[in-house]
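Report on the structure
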Amino acid sequence: MPDSAAEVAAEYIRLTDAQEAKRTSETPQELTAAVEQPEETKQPDGEEEPAALQQEEVVEAQAAPQDTTTLAAAVSELSKEEMEVNAHITKLHSDMCSAEWANADPLPYDSCDPNAPVNAVSLFGGLTNALKMILLGGVKSWEENRCFFVDESVSHLNKPDQHGVRHGFLHKYMEPIGLDLDHPIVKKAREENRIVKRDWSEFWNDLSARRAYGHISKLPSLGFQEIEGHNLKRNLIRRMWRPHNKYRQASCHAMEETHGLKPAEYMAFSVRRGDKGEEKFAFTELSEYIDEAEKQLHRFQSYSTTGEVPTIFVATDDCTVMPEFRQMRPNWNFVSECDVEENSKAAAQNGFALRDFKNWGDDAEDAHFTKFFTEIYAMTMSRVFIGVGYTNVSWWVYFLRPFRHSFILLDKPKGAPDSRMFDFW
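Before going into details, it helps to say that this report is about the structure given with it. Since this is a predicted model, take the numbers as computed values, not measurements.

We now examine the overall build of the chain. Secondary structure assignment for the chain yields 15 helices and ten strands. Within the chain, buried positions represent 56% of all 425 residues. Long-range pairs, those at least 24 residues apart, make up 71% of the contacts in the chain between residues at least 6 apart in sequence.

It is worth spelling out the packing of helix H5 (residues 127–143) against helix H8 (residues 229–240) at this point. Running from N to C, H5 and H8 point in directions that differ by 110 degrees, and their axes come no closer than 11 Å. Accordingly, the angle class assigned to the pair H5 and H8 is roughly perpendicular. With respect to the hand of their crossing, H5 and H8 are arranged in right-handed fashion. Packed against H5, whose contacting residues are Leu-131, Ile-134, Leu-135, Leu-136 and Val-139, the element H8 presents Leu-232, Lys-233, Leu-236, Ile-237 and Met-240 at the interface. By residue class, the composition of the contact of H5 with H8 is nine nonpolar, no polar and one charged.

The next thing to look at is H5. A rise of 1.5 Å per residue sets the reference length of H5, with its 17 residues, at 24 Å; its end C-alpha atoms lie 24 Å apart and thus fit the reference within 8%. Counting buried residues in H5 gives 15 out of 17 residues, a clear majority hidden from the surface. Count one or two residues on from H5 and you reach Asn-145, which has phi positive near 60 degrees.

Conventions we followed
Residues numbered from 1 in each chain as written. Predicted model: local features only at pLDDT ≥ 70, side-chain atom pairs only at ≥ 80, totals over all residues. Heavy atoms only, no water. Helix = DSSP H or I, 4+ residues; strand = E, 2+ residues; numbered from the N terminus. Buried < 20%, exposed > 50% of the residue type's maximum accessible area, 1.4 Å probe, protein only. Contact = heavy atoms within 4.5 Å. Axes fitted to C-alpha atoms, helices over the stretch in contact; angles between N-to-C directions. Parallel < 35°, antiparallel > 145°, perpendicular 65-115°, else oblique. Left-handed = near helix turned anticlockwise from the far one by under 90°. Nonpolar A, V, L, I, M, F, W, Y, C, P; charged D, E, K, R; others polar. Expected span 1.5 Å × (residues − 1).

This is the structure in structure tokens:
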């Protein structure tokens, strides 16, 4: 297993390239078509894509309207689609801001053969990477009819106190995932030497284990006789990630009261820097975000009727990007958790690096994740998301959003649709 973030990145690229080569050799015509043609509009059975959005990619391929007449026509054409977008995102906002975390029943972690081996799924990497691998490890466990628990014993996130004691990480911010270490099934499996440590690569190297787009899983223990990979992850993600009510309410309050964001009426940028540079990823130029945002303005009624640019929420681990954006477009309204005075004590304001986590104090850690959860909420509820594929934050937000619509990745291969990247997720 790779030890450093850079090694993880290198291994990820190697494995993805290998899968790419395999797919290219197996289906050259289909792959070429996927790159050269507009993004496919047909969804697998059960994909929650609004029916009216099936023509979405055709509209996206057109240039943004250049005059008022053309603009009005485009708005009229998009009105039905955008109303459906509003309805879906508004409903999701209501569910995620409710005290009971509505329409996301807890997962049946004890639905397994109690006498089978029990999987230990590691908490590995930063938070969204760790949660991604736990979700995939859980799916694999249910497929094997095994229970699982999360092994935080050596996680960077579960840092030891001054006495060298680790007290756990996930329980501070969210409801339990997997079985508790004291659960009878886990205790018995430990006594009988039936604990199996699972490596993250088992859930990621192969596209079927990754539950990539179009791959079918059979999970009767979860009520799925057959389910497509992306539908599966969309179904499970909110059932697994259940933040404590304190963080849910703080996120919703910040969106609405601090930043004045209304669901589906703003745009979101995700800018990831920090240790991604050490992992050999080239940072996307900030000007590319501005250029793409201008192409998406026609989606917003405020712009079509009055020329007013919608608010842009910027989620970032490097707050130095804010003055740069504001200098590029001084008349646009950029808002960010970076501007919130209470967040001045949050860790990683100038770039997140996992290696530094051990040095964070309790208050700085709590402030960081309070900020981070608000950013997750705000990106999820935006009408248009513009980000990059080299951060697991994008993966997480993609599956929280109710459909593939308006999810734009700036680092995709030139000329390829956005799905060229997230179909592999």
